[in-house]
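Summary of the model geometry
As a plain string of letters, each chain reads:
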Amino acid sequence: MTDKSPNHNHLLCLGLGYTAGYTAKAMLEKRWLVSGTTRSSEKAEKLDKKGIKPLIWDAAKGIPDTDFSNVTEILVSTAPDTNGCPSLEMIKKVKSRMTALRSVIYYSSTGVCGDHGGDWIDEDTEPVSTLTRGRQRLKAEKQWRTFSEEQRIAVTILRLSGIYGPGRNALVTLQRQGDDARRVFKPGQVFNRIHVEDIAAITRLILERSATNCLPAHNLYNLADDEPAPPQDVIEYAAQLSDREKPPLVSLEDANLSDMARSFYAENKRIRNDRLKQDLGYKFLYPNWREGLKALAASSST
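Residues numbered from 1 in each chain as written. Predicted model: local features only at pLDDT ≥ 70, side-chain atom pairs only at ≥ 80, totals over all residues. Heavy atoms only, no water.

1. Structural notes on the overall build of the protein
Condition: By the criteria applied, helices consist of DSSP H or I runs no shorter than four residues and strands consist of E runs no shorter than two, each listed in order from the N terminus. The globule rule used here is 2.2 Å times the number of residues to the 0.38 power, and the radius of gyration it is set against is calculated over C-alpha atoms. Any residue under 20% of the maximum accessible area for its type is buried, any over 50% is exposed, and the rest in between are partly exposed; the area is computed with a 1.4 Å probe on protein chains only. Residues are treated as being in contact if the distance between any of their heavy atoms lies within 4.5 Å. The Shrake-Rupley method, run with a 1.4 Å probe, gives the accessible areas here. Residue values count only the displayed protein chains as cover. The positive count covers Lys and Arg only, the negative count covers Asp and Glu only, and His and the chain ends enter neither. Think of each charge as sitting on NZ of Lys, CZ of Arg, CG of Asp or CD of Glu.
A tally of regular secondary structure across the protein gives 10 helices and 13 strands. Since a compact globule built from 302 residues should have a radius of gyration of about 19 Å, the 20 Å found for the protein is in line with a globular shape. Oriented by its inertia axes, the alpha-carbon framework of the protein measures out at about 55 × 40 × 40 Å. In the protein, buried positions account for 50% of the 302 residues. Pairs at least 24 apart in sequence give 79% of the contacts found in the protein among residues at least 6 apart. Per element, the accessible surface of the protein, about 14,800 Å² overall, is 46% carbon and sulfur. Taking the 43 positively charged and 39 negatively charged side chains of the protein as two groups, their mean positions are separated by 4 Å.

2. A look at the packing of helix α1 (residues 18-29) against helix α6 (residues 196-211)
The criterion, for reference: Axis geometry follows a simple rule: fit a line to the C-alpha atoms, using only the stretch in contact for helices, then measure angles between N-to-C directions, giving values from 0 to 180 degrees. When an angle is under 35 degrees it counts as roughly parallel; over 145 it counts as roughly antiparallel; between 65 and 115 it counts as roughly perpendicular; any other value is oblique. When the near helix sits turned anticlockwise from the far one by under a right angle, the crossing is termed left-handed; a clockwise turn instead gives a right-handed crossing.
The contact between α1 and α6 brings their axes to 8 Å, and the two run at 50°. Taken as axis vectors, α1 and α6 run oblique relative to one another. The two elements α1 and α6 cross, and the hand of that crossing is right-handed. Across from Y18, T19, Y22, T23, A26 and M27 in α1, the residues of α6 making contact are V196, E197, I199, A200, T203, R204 and L207.

3. Some words on the layout of surface pockets
A water-sized probe rolled over the atoms picks out the places where empty space is left. Threshold: Only protein atoms enter the calculation, which uses a 1 Å grid: trapped sets of points that fit a 1.4 Å probe without letting it out are cavities, open sets showing protein on both sides within 12 Å along at least five of seven lines are pockets, and any residue with an atom within 4 Å of a point is a lining residue. Grid points are joined across faces, edges and corners, and a volume is the space filled by probe spheres set on the points. Lys, Arg, Asp and Glu make up the charged group, whereas Ala, Val, Leu, Ile, Met, Phe, Trp, Tyr, Cys and Pro make up the nonpolar group; the residues left over, Gly among them, are polar.
By volume, the second largest pocket amounts to about 750 Å³. G15, L16, G17, T37 and T38 are the residues nearest the centre of the second largest pocket, which is lined by 26 residues in total. Elements with a contribution of two residues or more to the lining of the second largest pocket: α1, β2 (33-38), α2 (41-49) and α3 (86-94). If you tally residues by element for the lining of the second largest pocket, the top one is α1, at six residues. In terms of residue class, the lining of the second largest pocket is built from 12 nonpolar, eight polar and six charged.

4. Overview of the environment of Y282
Mapped onto the fold, Y282 is located in the loop between α9 (274-280) and α10 (289-298). For the pair Y282 and H10, spaced 272 residues apart in sequence, the C-alpha separation works out to 24 Å. Setting aside residues no more than four positions away along its own chain, Y282 makes contact with D198, A201, I202, L205, L276 and K277.

5. Remarks on the nonpolar core
The test is simple: Side-chain atoms within 4.5 Å link the members of a nonpolar core, which is a set of buried Ala, Val, Leu, Ile, Met, Phe, Trp, Tyr and Cys residues.
Counting 26 residues, the largest nonpolar core has L11, V34, L158, I202, L223 and L276 as the members making the most contacts within it. Residue contributions to this core peak at five residues, all from α6. Apart from the residues lying within four places of it in its own chain, the contact partners of L158 are I105, Y106, Y107, S108, S109, T203, I206, Y221 and L223. L12, L55, F68 and V104 belong to the second largest nonpolar core, which has 24 residues in total.

6. Topic: the pattern of salt bridges
This is how it is decided: Just to be clear on terms, a salt bridge is a Lys or Arg side-chain nitrogen sitting within 4 Å of an Asp or Glu carboxyl oxygen.
As enumerated under the stated definition, the model contains 13 salt bridges in all. Across the pair R145 and E141 runs a salt bridge whose closest N-O atoms are separated by 3.7 Å. Here R145 pairs with E141, and both are found in helix α4 (residues 132-151), just four residues apart, close to one helical turn. For E141, a relative accessible area of 0% gives the class buried. In this structure, a network of salt bridges that share partners links the residues E123, D124 and R275.

7. A few points about the pairing of strand β1 (residues 10-14)
Stated precisely, the cut-off is as follows: Pairs of strands are assigned from DSSP output, requiring at least two bridges between the strands. A crossover gets the label right-handed when its path from the first strand over the helix to the second runs clockwise, viewed with the strands pointing away from the viewer.
Of all five residues making up β1, five are buried, and the element is well covered by its neighbours. Two strands pair when backbone bridges link them, and β1 and β2 are joined in this way by four bridges, in the parallel orientation. Note that in β2 the partner of L12 across the bridge is S35. Handedness of the crossover is the feature at issue here: the chain leaves β1, passes through α1, returns alongside β2, and the resulting connection is right-handed. The pairing of β1 with strand β4 (residues 73-76) spans four bridges and is classified as parallel. Of the residues in β4, the one forming a bridge with L14 is V76.

8. Focus: the state of the cysteines
Each disulfide is one covalent bond, formed between the sulfur atoms of two cysteines. This is how it is decided: Any two cysteine sulfur atoms lying within 2.5 Å of each other are counted as a disulfide.
Enumeration over the complete set of coordinates arrives at zero disulfides. Note on C13: no disulfide assigned, nearest cysteine sulfur contributed by C85 at a separation of 14 Å. With no disulfide partner, C113 has as its closest neighbouring cysteine sulfur the one in C85, 18 Å distant.

9. Comments concerning the environment of D67
In plain terms, the rule: In protein, a polar contact means a hydrogen-donor-capable atom and an acceptor-capable atom, both N or O and within 3.5 Å, with residues adjacent in sequence counting only if both atoms are side-chain atoms; elsewhere, any N or O pair within 3.5 Å suffices.
When you line up the elements, D67 lands in the loop between β3 (53-56) and β4. Between the C-alpha atom of D67 and that of R97, which follows or precedes it by 30 residues, the distance is 7.4 Å. Within the structure, D67 has its side chain in polar contact with the side chain of S69 (distance 2.6 Å).

Here it is as structure tokens:
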């Protein structure tokens, strides 16, 4: 992984799913060298075609014989497990070879915050999630903070709200569900959301700050747009944009959702994003879900 970028900035992505893929694209456009881990040669070929240097790394097969000396930043988007963040154990094994490493960004979730009865919360609110995935995320956050202190490397935790964007939004949901579409209703329930392009843009700002040794004032940020909203309102607006009749309203109890889908309704809160705006001066590309869905409906990449 020889660094050929003019500014010698090299982002290593641990996990290259939907969201990290947009961030990788944003950094490639800034002429950063971007590499990413995968466990299959097939996915490695796909990454290579996108301009991302693939690194086949299966933790079960040991450490790859790779030069990590020019990695300057790491983006972690892998899911946690019962032990916390599996990617951290991988990094610990090669940290001594990462002589240029400046900082790490960890994609967490606002799900760690738990249920607050619909009240507004911010980064200073104590996380109280009782869900397994929320507790696992919180454990992973704490592990990366400990690693940061031990290694004297900056770690920024980004807690992501409900992610939507091209191919993953209420418009697509309506298309797939067809006549079976419905609006699920639970009294007082709201969710925060954020467009994937806003996530990528915010991450890019923090990475660029790291490259100039001028990181933001805090190491924890909520990534959520300005308007938490009931899920049924979002589906209704998507139907309007699609020139469809709004789907029937059904109660959560009658919705026949999977256990995973139902669990999202177990926690209710409104997420503040003031710190993000104040520290980074960030202006959202899509400050609310209506603007985001309207742009998606008008594009060819719904």
